[in-house]
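What the coordinates show
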Amino acid sequence: MAMIQCPECGQEISDKAKKCIHCGKVFVEEKPINEEIKCSECGAVLAETDEICPNCGCPVEKIVKQEDTKPQQVEVASIKMAAKTKKIIIGIIIAIIICVGGGIGYKIYSDNKAEQLYRESYNEYIDNLGQVKILMLSGGSDAESLCNLTLRVWGNAIYEDKDDETDKYTRPNGYFVKDFNEALVNLYVDSETKDNIEGIEGNQVSVKELIKKLQNPPEDLDKCYDTVSDLYEAYKTLTDLAINPSGNYSGFSTKKSDAVSDFMSAYEKLDNQIPEKLKDK
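A short tour of the structure in this document, coming up. Note that the structure is predicted; figures quoted are calculated from it, not measured.

Points about the overall build of the chain
- Assigned secondary structure in the chain consists of 6 helices and 4 strands.
- Put simply, the chain runs from its N terminus to its C terminus through helices and strands in the order β-β-β-β-α-α-α-α-α-α.
- In the chain, which comprises 281 residues, the share counted as buried stands at 30%.
- A sequence separation of at least 24 residues applies to 57% of the contacts in the chain between residues at least 6 apart.
- Of the roughly 18900 Å² that the chain leaves accessible, carbon and sulfur atoms contribute 51%.

Spelled out as structure tokens, the structure:
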């Protein structure tokens, strides 16, 4: 026997109950007792206990009219459970949508932020390339000028050639010094030369600081770093020659010429390699 709920009052009753024991709702109505039973063959009135018609002998068919109004089982609990489950499912779906949407939003934000940082790093690197290129050109130019003056003083002292610009180093007393080294000493103790050397040394410090910043180039700027490294090597050779001349006249002249040639070659190459800055989207 199963328990169901009365469709009238909702109380639990047996599924075989003919009426609700709580509210009295009738589910099966039986034929009144005093209703006559007649023989289907001859029409004679029969007693309720008769099984055979005493008049004609026909078997009696007892028919009890019943209205099967068995209460329909109402799954209230199932309906409530389904509604609750539906809410849970909807909540889960909404949570998933929020999570997915948030993840996508964060991914977009993260990508945009990374792109912005890369663009800033890229453009800053280009600025530093342009700055170090100008600084090395300035310092290299000053170094070349001092090297050229050194060669002129050196050569004029050796060959005793007069020159209005070099005479104060090669002929300080109106006649040529006995040794070219003396002329070079006169050149490098001169206040103007000291100022030039101080300027070149300061330029070297500034260039070195920028070169350090260029050691980790952004993607696509590796070649620029290789070229600026070559330029720095030529620059360093040239400026060191200007500050501390050494060797013989011919060797110094060759080193200076090679350094200037290497410098200009790397400079022009870098000038062509440096790209435009990235624009904001």
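Text resumes after the structure shown.
Re the packing of helix α4 (residues 191-213) against helix α5 (residues 222-243)
- Relative to each other, α4 and α5 sit at 160 degrees, their axes nearing to 11 Å. Classified by the angle between their axes, α4 and α5 sit roughly antiparallel to one another. Seen along the crossing, α4 lies across α5 with a hand that is left-handed. In this structure, α4 uses Ile197, Ile200, Glu201, Asn203, Gln204, Val207, Lys208 and Ile211 to contact α5, whose residues at the interface are Val228, Tyr232, Tyr235, Lys236, Thr239, Asp240, Ala242 and Ile243.
- Looking at the contact of α4 with α5, its residues break down into 9 nonpolar, 3 polar and 4 charged.

Looking at α4
- Under the 1.5 Å per step criterion, the end-to-end length of α4 is 34 Å for 23 residues, consistent within 8% with the ideal 33 Å.
- Within α4 the residues assigned to the buried category are Thr193, Ile197, Ile200, Asn203, Gln204, Val207, Leu210 and Ile211.
- You can read the cap of α4 off the contacts: a side-chain oxygen lies 3.1 Å from the backbone nitrogen of Glu192, and it is on Asp190.

Focus: the packing of aromatic side chains
- Throughout the structure, instances matching the rule amount to 6 aromatic pairs.
- Residues Trp154 and Phe252 carry aromatic rings whose centres are separated by 5.6 Å and whose planes lie at 45 degrees to one another, so their mutual orientation is tilted. Of this pair, Trp154 sits in helix α1 (residues 76-159) while Phe252 sits in helix α6 (residues 249-273), and the two are 98 residues apart along the sequence.
- Classification of Phe252 by relative accessible area gives buried; the value is 0%.
- One Lys or Arg, Arg171, reaches over the ring of Phe176 and ends 5.4 Å from the middle of that ring.

Some thoughts on the pattern of salt bridges
- This model, assessed by the stated rule, comprises 7 salt bridges.
- Residue Lys133 pairs with Asp271 through a salt bridge whose shortest N-O separation is 2.6 Å. Remark: Asp271 occurs in helix α6 and Lys133 occurs in helix α1; sequence separation between them is 138 residues.
- The class of Asp271 is partly exposed, set by a relative accessible area of 39%.
- Close ionic contact of Arg152 with Glu165 constitutes a salt bridge, the shortest N to O distance being 2.6 Å. Note that Arg152 is positioned in helix α1 and Glu165 in the loop between α1 and α2 (167-170), a separation of 13 residues in sequence.
- Taking relative accessible area as the criterion, Arg152 reaches 33% and is therefore assigned partly exposed.

Quick notes on a nonpolar patch on the surface
- Taken together, the side chains of Ile88, Ile92, Ile96, Val100 and Ile104 define a hydrophobic patch exposed on the protein surface, amounting to about 450 Å² of accessible area.
- Of note, Val100 is situated in helix α1.
- Taking relative accessible area as the criterion, Val100 reaches 46% and is therefore assigned partly exposed.

Examining the environment of Lys269
- Residue position: Lys269 is located in helix α6.
- Residue class for Lys269 comes out partly exposed when judged on its relative accessible area of 47%.
- For Lys269 and Val228, which are 41 residues apart along the polypeptide, the C-alpha to C-alpha distance reads 9.0 Å.

Observations concerning α5
- Across its 22 residues, α5 extends 31 Å between first and last C-alpha, which sits within 8% of the 32 Å expected from 1.5 Å per residue.
- Every buried residue belonging to α5 is among Cys224, Thr227, Val228, Leu231, Tyr232, Ala234, Tyr235, Leu238, Thr239, Leu241, Ala242 and Ile243, and all of these are buried.

Some remarks on the side chain of Thr227
- Positionally, Thr227 belongs in helix α5.
- Taking relative accessible area as the criterion, Thr227 reaches 2% and is therefore assigned buried.
- Once residues lying within four places of it in the same chain are set aside, the contact partners of Thr227 are Ala266, Lys269, Leu270 and Gln273.

Calculation rules
- Residues numbered from 1 in each chain as written.
- Predicted model: local features only at pLDDT ≥ 70, side-chain atom pairs only at ≥ 80, totals over all residues.
- Heavy atoms only, no water.
- Helix = DSSP H or I, 4+ residues; strand = E, 2+ residues; numbered from the N terminus.
- Buried < 20%, exposed > 50% of the residue type's maximum accessible area, 1.4 Å probe, protein only.
- Contact = heavy atoms within 4.5 Å.
- Areas by Shrake-Rupley, 256 points an atom, 1.4 Å probe, with all protein chains shown as cover.
- Axes fitted to C-alpha atoms, helices over the stretch in contact; angles between N-to-C directions.
- Parallel < 35°, antiparallel > 145°, perpendicular 65-115°, else oblique.
- Left-handed = near helix turned anticlockwise from the far one by under 90°.
- Nonpolar A, V, L, I, M, F, W, Y, C, P; charged D, E, K, R; others polar.
- Expected span 1.5 Å × (residues − 1).
- Polar contact = N/O pair within 3.5 Å; in protein donor to acceptor, adjacent residues only side chain to side chain.
- Phe/Tyr/Trp six-rings, centres within 6.5 Å; stacked < 30°, edge-to-face > 60°.
- Lys NZ or Arg CZ within 6 Å of the ring centre and 35° of its normal.
- Salt bridge = Lys/Arg side-chain N within 4 Å of Asp/Glu carboxyl O.
- Patch = residues over 30% accessible without salt bridge, like charges linked within 9 Å, V, L, I, M, F, W, Y side chains within 5 Å.

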